[in-house]
Amino acid sequence: MSRLEAKKPPLFISEPLTKDTVSQSLSLLSEILKSCYGPAGRLKQLHNGVGGYVCTTSQSSAILSRLSVSHPILSVLMASVQNHICRFSDCGLFTAILCCSLIENFKSLNVASCTVIKISKHLLSLCMDYLKSEACGCRVSVDFSSLETLLCLVRSILTSKPACMLNKPEVDHLTMLILKAFMFTVPCHVETNAVLGKCIIVPVKGRRVVDSTVLPGLLIETPEIQLAKPLAVKRTCSNMIKIALFCVSMSGDLFNPEEGTITVHHGISLEMSEVNQLLNVGKQLVNDEVGLVVCQKVIHPSLKQYLKENHVIAVDRAGLSVMEPLSRMTGSKPIASIHSLSPSCYGSLKDVRLESFASKHFVHLIPNDTVVCSLILCNRNETAWDELKRACETAEHVLQLTVKEPLALLGGGCTETHLASYIRHKSCSLSTSSFKDLDCSRTQYQLVADGFCRSLESVACSLNHDDGEILTDMVYGHCWLVPSGFPSVSNWSDLVSKCGCGINGNTENLNWRLLQGQFGSPIIQGCPKDPSVKVTDFLTLDCFAAKCSGLQVALETANLILDLSYVIEDQN
C-alpha cells in the first residue's frame, strides 16, 4: 500500500498588497491594458503554450478571457471587470485601467485604508450625482428622432478597435448598417412591456467590408438548395406561408438504449416504423397547408422527398442559435415530438426567398413584422472578422442600453479629465461638517481626492501611445493630445485644434496644463464650464450606462482589494 502524503497546512499571506510580486503583477497587467486603449492602441496576440488558435485583439473581452493569472488579487480584479463586460459589453479597458490606477495611487498614500475607502465612496457619490444631473458638462442627450448622436456613438466604438483594420469609408458603411440593423429590431407596435428583437450576424470571410449588408428577417445557410431552381412555396388562402418549427431530430434514429428497454414483436422493423411515423407527420403538415418546415437537427431523406413533392420547403440542421429568434419572428412554437403535432404550434411568414453571398447559399425568411434581422458581415480575413464581430455585438448592445437611458458621455478622455476637474473643485469647497461626517481631516480628504483625480487622468493619458503630451484646459476640463516631437515648452495653442471628444476647438485662451508628471501637491481648480454641445460627425462618444457602471465597479473593486488583510491559500 502506498504511503499517503501528509496534508499541508494552508498558507497565510498577510497584507498582500505590500508584497513585491503582487505589485509587479498588478503593474504589468495595468501596462498591458493601457497599451491596448483607444483608437491607437497596440494589438496583442494571445495563444496557449501548445499552439492552436491565435487571437489578435485589443478588446478587453478577448484579452481578459484568455489571460491566466495565478494570484487571487488579480483574479478578483479580472473577475469583477469581466462581470461588468458581460453586463454592458463596453468600457472594459476603462474599468480595468482605472481600477489598477486607483489601487496604485491609494496604497501609496499615508492614510489608513478604512479612511481611504470612506472618502473614495464619497467621491464616487459626487461623481455619480454630477453625471446624472442636468448640470453635467460631459453628458450628451441622445435624440432618437435624429441620427447624428447615434451615428457618433456607433462610429466611436468601431474606430476604437484597430484590429478590425477599417478605413474611413468602411467605418461609415458599417456604422449605417449597424444602426439600420438595430432599427429593424425595434418593435413597430409599442406595447406595455416592449422587448427589442435580435440581430443575427452571418459570417462571410475573405470579402470586402463594403460588401456587408443587412436584411430584414432571418438567413439560414442551405448548401444543398440550388439557386438555379425556381422556389415554389405552398401558401395559404390569405397568401401567407405557414411554418412548422421542429426542435427534435427527424432523422428516423432508433431509440437510445439508455432510455429504457423496448419490446419488438416478430416481423416488425423499428427503422420502418420510425420512417412511417415521419411520413405520417409529413402528411399532416401537407394537409395543414404548411409551406415551410425548419428542423434544428436532421430530417430523413424520405420525408424531405415527400415534402418536396408536395411543394413544402424543408430546411434541416438549422442549429440551436436560430430557434429562439425564428420562433419569435414567426410566432411558431418549437415542436419537441413527432408523435404529437398541434396546428396551434404553426407560425407564419410573409415570404421565402433564396439568396447567395460569396459562395454561400441561404434561405431568406421574411416576416410580417420585422423584429429579427440578419447582418451579413464581411472582412478580409478570419482574425479581422472575429474582432469586427465583437465590435458589432458591442455596438448593438450599447444601442440597446441607450434606448433605456438616452444619454452618452464625451469620449476621447474628456469625461475623465472633466470629472477630475470637477472633483478638484468640489473637494476644495467642502464644509467642515462633511469632514466630521467622514471622520477624516481636510488634508486626508485632499490627498485621497487628488489620488482619485490622478487615477481618472491616468486613463486619459493611456490614449497616448506615441510619446506625445496630454493636456487639459482650465476652462472646460477637457483632454487635448499634442503630437510627439514638440518640446514641452511649446506654445500649446499652436499645436492643438480639437479636444479629444471633438466638441471644443482651440478658439479661446484655455490656460493649459500638462497631465503627465503632475504628482506633487493637489491642484486648485475652478468649476469646469459646460461647453455648448453641438453634435458633429466627428464627435467621440461613450456609452453612458457602461461608463457609469465601469466607474463604480473600478472603485468598489479597488476598495475591496485595499481592504484585504489576508490571503489564505490551500497548498494541497
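Look above for the structure.
Now for a look at the structure at hand. (Residues numbered from 1 in each chain as written. Predicted model: local features only at pLDDT ≥ 70, side-chain atom pairs only at ≥ 80, totals over all residues. Heavy atoms only, no water.)

**As for the sheet that holds strand β19 (residues 541-543)**
Thought 1: Spatially, 3 strands are ordered β4-β15-β19 in an open sheet, and the strand pairing comes out antiparallel. Since the sheet does not close on itself, it has two edges, and those belong to β4 (139-141) and β19, each with one partner. Across the sheet, the axes of successive neighbouring strands diverge by a mean angle of 45 degrees, strand direction being ignored.
Thought 2: For β4 and strand β15 (residues 407-410), the ladder comprises 3 bridges, and the chain directions are antiparallel. For Ser141, the partnering residue across the bridge sits in β15 and is Leu407.
Thought 3: Contacting β4, β15 and β19, helix α15 (residues 544-562) crosses the sheet at an angle of about 70 degrees to β19. (Pairing = 2+ DSSP bridges. Helix = DSSP H or I, 4+ residues; strand = E, 2+ residues; numbered from the N terminus. Axes fitted to C-alpha atoms, helices over the stretch in contact; angles between N-to-C directions. Contact = heavy atoms within 4.5 Å.)

**Topic: the side chain of Asp386**
Thought 1: Within the secondary structure, Asp386 sits in helix α11 (residues 382-404).
Thought 2: An unpaired buried charge is present at Asp386: no salt bridge exists, and Lys205, the closest side chain of opposite charge, is 4.2 Å distant.
Thought 3: When residues no more than four places from it in sequence are discounted, the contact partners of Asp386 are Tyr53 and Lys205. (Buried < 20%, exposed > 50% of the residue type's maximum accessible area, 1.4 Å probe, protein only. Lys, Arg positive; Asp, Glu negative; His and termini not counted. Salt bridge = Lys/Arg side-chain N within 4 Å of Asp/Glu carboxyl O.)

**What to know about the nonpolar core**
Thought 1: Core analysis: the largest hydrophobic core is formed by 122 residues, its most contacted members being Leu131, Tyr445, Phe452 and Leu551.
Thought 2: Beyond its immediate stretch of four places on either side in the chain, Leu131 contacts Cys136, Cys138, Arg139, Leu409, Leu419, Phe544, Cys548 and Leu551. (Core = buried A, V, L, I, M, F, W, Y, C linked by side-chain atoms within 4.5 Å.)

**Details of the pairing of strand β13 (residues 360-366)**
Thought 1: Burial analysis of β13 places 5 of its 7 residues in the buried class, the great majority of the element.
Thought 2: Relative to β13, strand β7 (residues 218-221) runs antiparallel, the two sharing 4 bridges. Residue Leu218 lies in a different strand from β13, and its bridge partner there is Leu365.
Thought 3: The turn joining strand β12 (residues 351-357) and β13, which pair antiparallel and follow one another in sequence, is formed by 2 residues; a positive phi near 55 degrees is taken by Ala358.

**Side note on unusual backbone geometry**
Thought 1: One non-glycine residue, His311, lies in the positive phi region at around 60 degrees.
Thought 2: Positioned with a positive phi, Arg317 is a non-glycine residue whose angle comes to about 55 degrees.
Thought 3: Its place among the elements puts Arg317 in the loop between β10 (313-315) and α10 (323-330).
Thought 4: Assessed through its relative accessible area of 55%, Arg317 is described here as exposed.

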